[in-house]
Amino acid sequence: SSVWKVDKVPSRIEILHGMLTQSFPKTAVIYVHCSAGCDRTGEVMGSYMMWYQNKNLTAMYAADTHECGRSPNYFSTSA
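Residues numbered from 1 in each chain as written. Predicted model: local features only at pLDDT ≥ 70, side-chain atom pairs only at ≥ 80, totals over all residues. Heavy atoms only, no water.

## Things to note about the packing of aromatic side chains
Now for step 1: According to the stated counting rule, one finds one aromatic pair in the structure shown.
Now for step 2: Taken together, a centroid distance of 4.9 Å and an interplanar angle of 35° make the contact between Tyr48 and Tyr52 tilted. Of this pair, Tyr48 and Tyr52 both sit in helix H3 (residues 39-52), four residues apart, which is roughly one turn of the helix.
Now for step 3: The class of Tyr48 is buried, set by a relative accessible area of 7%. (Phe/Tyr/Trp six-rings, centres within 6.5 Å; stacked < 30°, edge-to-face > 60°. Helix = DSSP H or I, 4+ residues; strand = E, 2+ residues; numbered from the N terminus. Buried < 20%, exposed > 50% of the residue type's maximum accessible area, 1.4 Å probe, protein only.)

Now the structure itself:
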């Protein structure tokens, strides 16, 4: 899909996983955010949850909708 090429989600969630599984001497915070904070942020976090935490699409979509207060727009391609 051309959206995957624009957003580079597969490689981004690999990087995120590497960061989350590192050992840090102090508590670390990893902040994921896009311009609006709902669509691509939810896409990355939802993809991570589906790939590494075995969440299904329905659970991921519900969590994203709950966090944003609206349904995500996954069809936006203006990165």
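## Some details on the nonpolar core
Now for step 1: Of all hydrophobic cores here, the largest spans five residues; its members are Val9, Ile13, Leu16, Val44 and Tyr48.
Now for step 2: When contributions to this core are tallied by element, the ones reaching two or more residues are helix H2 (9-20) and H3.
Now for step 3: By residue number, the principal contributor to this core is H2, which donates three residues. (Core = buried A, V, L, I, M, F, W, Y, C linked by side-chain atoms within 4.5 Å.)

## Details of the environment of Tyr31
Now for step 1: Following the sequence through the fold, Tyr31 ends up in the loop between H2 and H3.
Now for step 2: Note on Tyr31: relative accessible area 67%, which makes it exposed.
Now for step 3: For the pair Tyr31 and Thr41, spaced 10 residues apart in the sequence, the C-alpha separation amounts to 9.8 Å.

## So, unusual backbone geometry
Now for step 1: The phi dihedral of Asn54 is positive, around 55°, even though this residue is not glycine.
Now for step 2: Along the chain, the position of Asn54 falls in the loop between H3 and helix H4 (57-68).
Now for step 3: Given a relative accessible area of 70%, Asn54 falls into the exposed group.

## Quick look at H4
At 3.6 residues per turn, the α-helix brings residues three or four places apart onto the same side.
Now for step 1: The first and last C-alpha atoms of H4 sit 16 Å apart over 12 residues, in line with the 16 Å expected at 1.5 Å per residue.
Now for step 2: Two to three positions downstream of the cap, the backbone nitrogen of Thr58 sits 3.0 Å from a side-chain oxygen, assigning the N-cap of H4 to Asn56.
Now for step 3: Gly69 sits one or two residues past H4 and shows a positive phi near 80°. (Expected span 1.5 Å × (residues − 1). Polar contact = N/O pair within 3.5 Å; in protein donor to acceptor, adjacent residues only side chain to side chain.)

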